Amino acid sequence: MDKITSFRIKHLEIGGFKCFADPVNFDFGEITNILGSNHVGKSSIADAIAFAVTGTTYWGESRIDRMYSEAAPSIVIWLDFEDQNGVAHQLIRQRKNDKMTITLDSYKVTQARLNDLFGDRDTFLSIFNPLYFIEVLREEGKKLLESVLPPVKHETVLTALSDFDRQLLREEVIPSPEDFAAKLREEIRELTDAITACEGQSALLARQRKESGESLTLLRMQKQAVEKEIGKLKAVQGRGLDRKALQAQQEELHLRYDELLRDKPALPDTSQLDAQIGRAVSSLEQLKTGAYQSKYQPEAEKLSGELKAAYQKHAEVTQAGKSIRPGGVCPTCRRELTPQAVTEIKDGLTKQLQEVVARGKDLKTQLAQLQQLDSAAKEKWAEFRQADLAKAGAAIQKLQTARSALLDQYRELQTDFDRQCKELSGEIQTVQEKLDQGNLDPAQYQQLQELERQLFQVNADYAAQETIFSQQTDNTGEKIEEIKKAIRQKKVLLTAAANYAAKRAELTFEDLSSGPVKIRLYEVLKTTGEVRDVFRFTYNGRDYRRLSRSEKALAGIYTVEMVKRLTGRNYPVFIDDAESIANLSRPSGQAIVSRVVAQAPLSVRPVFQEVPLKKAG
C-alpha cells in the first residue's frame, strides 16, 4: 500500500470512548461544522480521529485510562476515509482487556505501519491540530522542520552571492557552512599561534646567537692559551735531539724484528706419531680383551658325550637285569622266561655290563689326557699373552717419548723466540719514547699529552659552536609576514563564508513562512560566520508567546499550511473553539470546525454554506 499523502474523512463511528459510551456515527464533508455547548463531545471527536491514526489524543496525550468511557469496558473507533487516489479505506482501532488491535482494510497493522503511511505522530498532529505545533512542540518543532526542510543546493547559494564572494567560494567544498567557517576560524587561531611562536623563536635565536658569540670568544682564548703552553714544552722536547739517528736506529730494529718473525719456530707435525700411537693403543686393547681358544674342546665334548652314553647304557642294563625272573616275559622277544633262559640272559647281561664298564674307563682315561693337554696349552697361551702385552706397552711408551721430545724441542725454541722478541720490542719502545719525549721528563711529557688532548677537544668544541653560530640565521620576520598574509586571506574567505551561511539561511527560511507566520531556526553572525541555534516563531512580526488565543489559532492555521507544503501531506484540519477566532481562514483540504453554541446539543453537519471561511495561505 502506498503512503497516504492526502485523505478526507467520510464517516466516523465511536464507541466506549470518553463521553461516548454507546456507539455514535458521524458523516463528514469537505467542511464539517461541529456545534454544541461545552462538554457534549466536540473535542472528543477530535481526540477519536487522532486516536485512530496515532494512538494519542488531539493534543498528543497517550494515557489510555483517560480515553475510556466510564460506562464501557472497551474502545472502538471506526474511521472511513478516502485517500489521494480516491480509494476508500477503513481504519479500526480497538482496545479491550488491555490489548490494542489495529486493522486497516481488514488487515491487522501495527502503529509503526500507520506511522509509515500517515507520518509520525508529531507530523500528523501538526497538520490535524493547528495549535499542536505552537502549544505542544514549541521549540521541539525545530527537529520536525529540520527533518522536512528541502536542502538548498550549493550552486543556488553561490548564484545569490556577490561576484567577489562567488569567485572565492567556487572551488570550495561546503557541505556545512558552520563547519567550514569553524575550520577557517581554527586555522586563523593556529596561524595566530604560529606568529606568537615565531616571535618567541626570534627572541630565542637572538639570545642563542649572543650566547654562541660569547662561547666562541672564550673557546678562542682557551685555544690560544693551550697552544702557547704546548709550544713551550715542544721547544724543550726537541732541543739538541738527533731525530734522524734515532729514526734510523728504530728502522734497523724493526727490520731485525721482522726477520725474527719470519724465523718463528713452527709447531712440529706429530700426526704420524699420533696415528702410530693410536694403532698401538688399539692393538693393546685388543690383546687385553682377547680370550683363550682351546683346540681340544671339540674332542673333549665328543668324549664327554660318549662317556655320558656309557653311563646311560650301564643304567639300562642294570635295570634290565633286575627285571629278569622265571615266569616273566623277555623284554626283547616277549616270550615267557624259563629258569634256564633266565640264567642265559643274566650271563649275557653281565658280559654286556663288563664291556660297558671297560668302555667307560677307557673314555675317562682319554678325557683326562685331553684336559691335561688343554690346561698346559692354556698356561702357555697366558705366558705368550703377557709377553705380547709387555711388548705393546713398551712400543707405546717409545712412541710417546718420541712425541714428547719433539714438543719439548719446540717449546725450547719458542721460549728463545719470545725472549728475543721481548728484547727487540723493548729496544724499539725505548727509541720511540726517546723520539716522543725528547728532552722531557715523564711528568713534562704527561703534561704535554694532556695539553694536546685539551687542544683537540677545544678545536672540536670551537668547530661545533662555529657551525651553530652560522646556522642561527633569523628568518622569522619573513615567516611572520607570510603567516599574516595567510591570515588576511582566510579572514576574507571567512567573511565570504559568513555571507554564504547568511544567504543559505535566507534561502532556507523562504520555506519557513506562511502568510504572516515566519519561523527562524538559526542565525548567522556575519563577523565570524558562526551559526547560532535559535527558534523564533512570529506572527505579523510578534513573538508567538505574546499572541492572544485567537491569534495563536490563526497562526496555527497558517503553520498547518506550511507543514503541509514541507511534508507533501494534506490531511484534515480540526479547528477547535472557532467561535473565538475572528476572520477564520480556510485551510486547504478537508476542514472540521468546532464552535460552542450555548445550551445546544452536539451537532455534526457536513455542510459548506454555514461556515464562511476565507482561504489561508
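Refer to the structure presented above.
1. Topic: the sheet that holds strand S15 (residues 603-605)
Reasoning step 1: Pairing is mixed in the open sheet, where 4 strands are placed in the order S12-S14-S3-S15. Lying at the two open borders of the sheet, with one neighbouring strand each, are strand S12 (573-575) and S15. This sheet shows a mean twist of 15 degrees between the axes of neighbouring strands, independent of strand direction.
Reasoning step 2: Direction of pairing for strand S3 (residues 31-36) relative to strand S14 (residues 591-596): parallel, over a ladder of 6 bridges. Looking at the pairing, Leu 35 lines up with Arg 595 of S14.

2. Quick notes on the pattern of salt bridges
Reasoning step 1: Here the structure, examined in full by the defined rule, presents 29 salt bridges.
Reasoning step 2: Note that Asp 122 is salt-bridged to Arg 121, the shortest N-O span being 3.4 Å.
Reasoning step 3: Counted as one network, the salt bridges with shared partners bring together Lys 3, Arg 113 and Asp 116.

3. A short note on the sheet that holds strand S4 (residues 75-83)
Pairing between the strands of a sheet is mediated by backbone hydrogen bonds and can be parallel or antiparallel.
Reasoning step 1: Here 6 strands make up an open sheet; going across it, the order is S2-S1-S4-S5-S6-S7 and the pairing antiparallel. Looking at strand neighbours, the two that pair on one side only are strand S2 (24-27) and strand S7 (107-108), the edges of this open sheet.
Reasoning step 2: Sheet topology note: the strand S1 (residues 7-15)/S2 ladder contains 4 bridges and is antiparallel. Bridging across to S2, Ile 14 finds its partner in Val 24.

4. A short note on the nonpolar core
Reasoning step 1: Core analysis: the biggest nonpolar cluster contains 77 residues, and Ile 45, Phe 118 and Ile 519 have the highest contact counts within it.
Reasoning step 2: Looking at this core, the element that brings in the most residues is helix H15 (residues 549-567), giving 9 residues.
Reasoning step 3: Ranked by size, the runner-up nonpolar core spans 22 residues in total, among them Val 157, Leu 158, Leu 161 and Leu 493.

5. Digging into the packing of helix H11 (residues 297-322) against helix H12 (residues 339-437)
How two helices pack is summed up by the angle between their axes together with the distance between the axes.
Reasoning step 1: H12 packs onto H11 with a crossing angle of 160 degrees between their chain directions and a minimal axis gap of 9 Å. What the angle tells us is that H11 and H12 run roughly antiparallel. Along this stretch, H11 crosses H12, giving a crossing that reads as left-handed.
Reasoning step 2: Counted by class, the contact of H11 with H12 contains 14 nonpolar, 7 polar and 6 charged residues.

6. Remarks on the side chain of Ser 594
Reasoning step 1: Relative to the helices and strands, Ser 594 resides in strand S14.
Reasoning step 2: One polar contact links Ser 594 to Asp 576, side chain to side chain, over a distance of 3.2 Å.
Reasoning step 3: Residues in contact with Ser 594, not counting those within four places in the same chain, are Ile 34, Lys 42, Phe 574, Ile 575, Asp 576, Asp 577, Ala 578 and Glu 579.

7. Some remarks on unusual backbone geometry
Reasoning step 1: Positive phi is not limited to glycine here, since Asp 105 has a value of about 55 degrees.
Reasoning step 2: Here Asp 105 shows up in the loop between strand S6 (99-104) and S7.
Reasoning step 3: With a phi angle near 55 degrees, Gln 599 is a residue other than glycine that sits in the positive phi range.
Reasoning step 4: Here Gln 599 shows up in the loop between S14 and S15.

What counts, and where the lines are drawn
- Residues numbered from 1 in each chain as written.
- Predicted model: local features only at pLDDT ≥ 70, side-chain atom pairs only at ≥ 80, totals over all residues.
- Heavy atoms only, no water.
- Pairing = 2+ DSSP bridges.
- Helix = DSSP H or I, 4+ residues; strand = E, 2+ residues; numbered from the N terminus.
- Axes fitted to C-alpha atoms, helices over the stretch in contact; angles between N-to-C directions.
- Salt bridge = Lys/Arg side-chain N within 4 Å of Asp/Glu carboxyl O.
- Core = buried A, V, L, I, M, F, W, Y, C linked by side-chain atoms within 4.5 Å.
- Buried < 20%, exposed > 50% of the residue type's maximum accessible area, 1.4 Å probe, protein only.
- Parallel < 35°, antiparallel > 145°, perpendicular 65-115°, else oblique.
- Left-handed = near helix turned anticlockwise from the far one by under 90°.
- Nonpolar A, V, L, I, M, F, W, Y, C, P; charged D, E, K, R; others polar.
- Polar contact = N/O pair within 3.5 Å; in protein donor to acceptor, adjacent residues only side chain to side chain.
- Contact = heavy atoms within 4.5 Å.

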